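# Remarks on the overall topology
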Amino acid sequence: EVESSAGVIMHETYIIDAYNLLHRGSGLGQGGRDLFSDRSRLEILLREFLRAQSTCRVVLVYDRAHDVDERGTRSRAPTEGLDIIYAKPPESADARVLSECVRRRGAERLVVVTSDVKDIVRQLPAGVRHVTSESFVDLLEAALEGPTDEPESDPRCDSEKPTDVTESEVDEWLRRFTDDG
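Residues numbered from 1 in each chain as written. Predicted model: local features only at pLDDT ≥ 70, side-chain atom pairs only at ≥ 80, totals over all residues. Heavy atoms only, no water.

## Structural notes on the sheet that holds strand β5 (residues 129-131)
Keep this limit in mind: Strands are treated as partners if at least two bridges between them are detected by DSSP. By the criteria applied, helices consist of DSSP H or I runs no shorter than four residues and strands consist of E runs no shorter than two, each listed in order from the N terminus. Here an axis means a line fitted to C-alpha atoms, over the contact stretch when the element is a helix, while the angle between two N-to-C directions is reported on a 0 to 180 degree scale. Only heavy atoms enter the contact rule, under which two residues are in contact if any of them lie within 4.5 Å.
Strand order in the open sheet made by the 5 strands is β3-β2-β1-β4-β5, with parallel pairing throughout. The strands lining the two open edges of the sheet, one partner per strand, are β3 (82-86) and β5. When the angles between neighbouring strand axes are averaged without regard to direction, this sheet yields 20°. In this structure, strand β1 (residues 12-17) lies alongside strand β4 (residues 109-113), joined through 5 bridges in parallel fashion. Of the residues in β4, the one forming a bridge with Ile 16 is Val 113. Helix α2 (residues 35-52) contacts β1, β2 (57-62) and β3 of the sheet and is inclined by roughly 170° relative to β2. Packed on one face of the sheet, helix α3 (residues 93-104) meets β1, β2, β3 and β4 and runs near 165° to β1.

This is how it looks when you write it as structure tokens:
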């Protein structure tokens, strides 16, 4: 397995139980005014994740919704690497996650993201990996933070400027910046 600097496994397709991630994933579903806002926020985060991890794909599976077209997918412009699927009744999101695993197995390295052990994880096809919703949130946050360009601060300094300078440091700076040195 190849791992990026942010700890995300590369060249894999994450099949996500969307509402499970929203409800179990550390605060993902708590910022919006309603479920639609929470879904939109999750989709934005996943688009940013895909920009940071361009070698991954994400399949986001929701239970039924009111804003879907006849095929069971949302009517909106697609994003490269992000497939949004709505399970059409009577199919559940759990069943759709499992059918996506079967459909995609062999062609892609699959990782199912859910904390639903009873209904999904125990039924995963051989070779499909599992990551809890909580663990995926950690991967998502690490990928979105990315590397920082700022140097690490010296723990001895609490402010931008040093509070004390030794005599030898003053002598060294004078030597470096005077013409006589």
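## What to know about the nonpolar core
Stated formally: Residues belong to one nonpolar core when they are buried, are Ala, Val, Leu, Ile, Met, Phe, Trp, Tyr or Cys, and are joined through side-chain atoms within 4.5 Å. Throughout, exposure labels follow a simple rule: accessible area from a 1.4 Å probe, protein chains only, divided by the maximum for the residue type, with under 20% read as buried, over 50% as exposed, and the rest as partly exposed.
With 26 residues, the main nonpolar core has Tyr 14, Ile 16, Leu 46, Phe 49 and Phe 136 as its most contacted residues. Of all the elements in the fold, those that place two or more residues in this core are β1, α1 (18-24), α2, β2, β3, β4 and α4 (133-145). Leaving out residues up to four positions away in the same chain, Leu 46 has contacts with Ile 16, Val 58, Leu 60, Leu 82, Phe 136 and Leu 140. Of all hydrophobic cores here, the second largest spans 13 residues; its members include Ile 15, Ile 85, Ala 93 and Val 97.

## Quick notes on α4
The criterion, for reference: To estimate the expected span of a helix, count its residues, drop one, and scale the result by 1.5 Å. Each C-beta atom gives one direction from the helix axis, and the arc is the one those directions make.
An ideal rise of 1.5 Å per residue puts 18 Å on 13 residues; α4 measures up with 18 Å between its terminal C-alpha atoms. Within α4, the full set of buried residues consists of Ser 133, Phe 136, Val 137, Leu 139, Leu 140 and Ala 143. Projection of α4 onto a plane perpendicular to its axis shows the buried side chains occupying an angular sector of 160°, all on one side. Buried residues along α4 sit in contact with β1, α1, α2, β4 and β5.

## A short note on the pairing of β3
The buried count for β3 comes to 4 of 5 residues, which makes it a mostly enclosed element. For β2 and β3, the ladder comprises 5 bridges, and the chain directions are parallel. Across the sheet, Val 59 pairs through a bridge with Asp 83, a residue of β3.

## Examining the pairing of β2
For a regular strand, side-chain orientation follows a simple rule: the groups alternate between the two sheet faces. Among the 6 residues of β2, 5 are classified as buried, and the element is accordingly described as predominantly covered. Relative to β2, β1 runs parallel, the two being bridged by 5 bridges. Its bridge partner being in β2, Ile 15 is matched across the sheet by Val 59.

## Comments concerning α3
The end-to-end C-alpha distance of α3, which contains 12 residues, comes to 16 Å, matching closely the 16 Å that a straight helix rising 1.5 Å per residue would cover. Within the sequence span of α3, burial applies to Ala 93, Asp 94, Arg 96, Val 97, Leu 98, Glu 100, Cys 101 and Arg 104. Contacts made by the buried residues of α3 are with β1, β2, β3 and β4. Looking one or two residues beyond α3, the residue adopting positive phi is Gly 106, at roughly 95°.

## A word on the confidence of the model for the protein chain
Note that predicted coordinates carrying low pLDDT should not be read in detail. Stated precisely, the cut-off is as follows: A residue's pLDDT is simply how confident the predictor is in it, with values from 0 to 100.
Looking at the protein chain as a whole, its pLDDT mean stands at 77, while 68% of the residues score no less than 70. Predicted confidence is poor over residues 69-73, with pLDDT under 50, and the contacts of this stretch with residues over four places away or in other chains come to 10 contacts. In this model, residues 148-159 is a region of pLDDT below 50 whose contacts with residues beyond four sequence positions or in other chains number 0 contacts.

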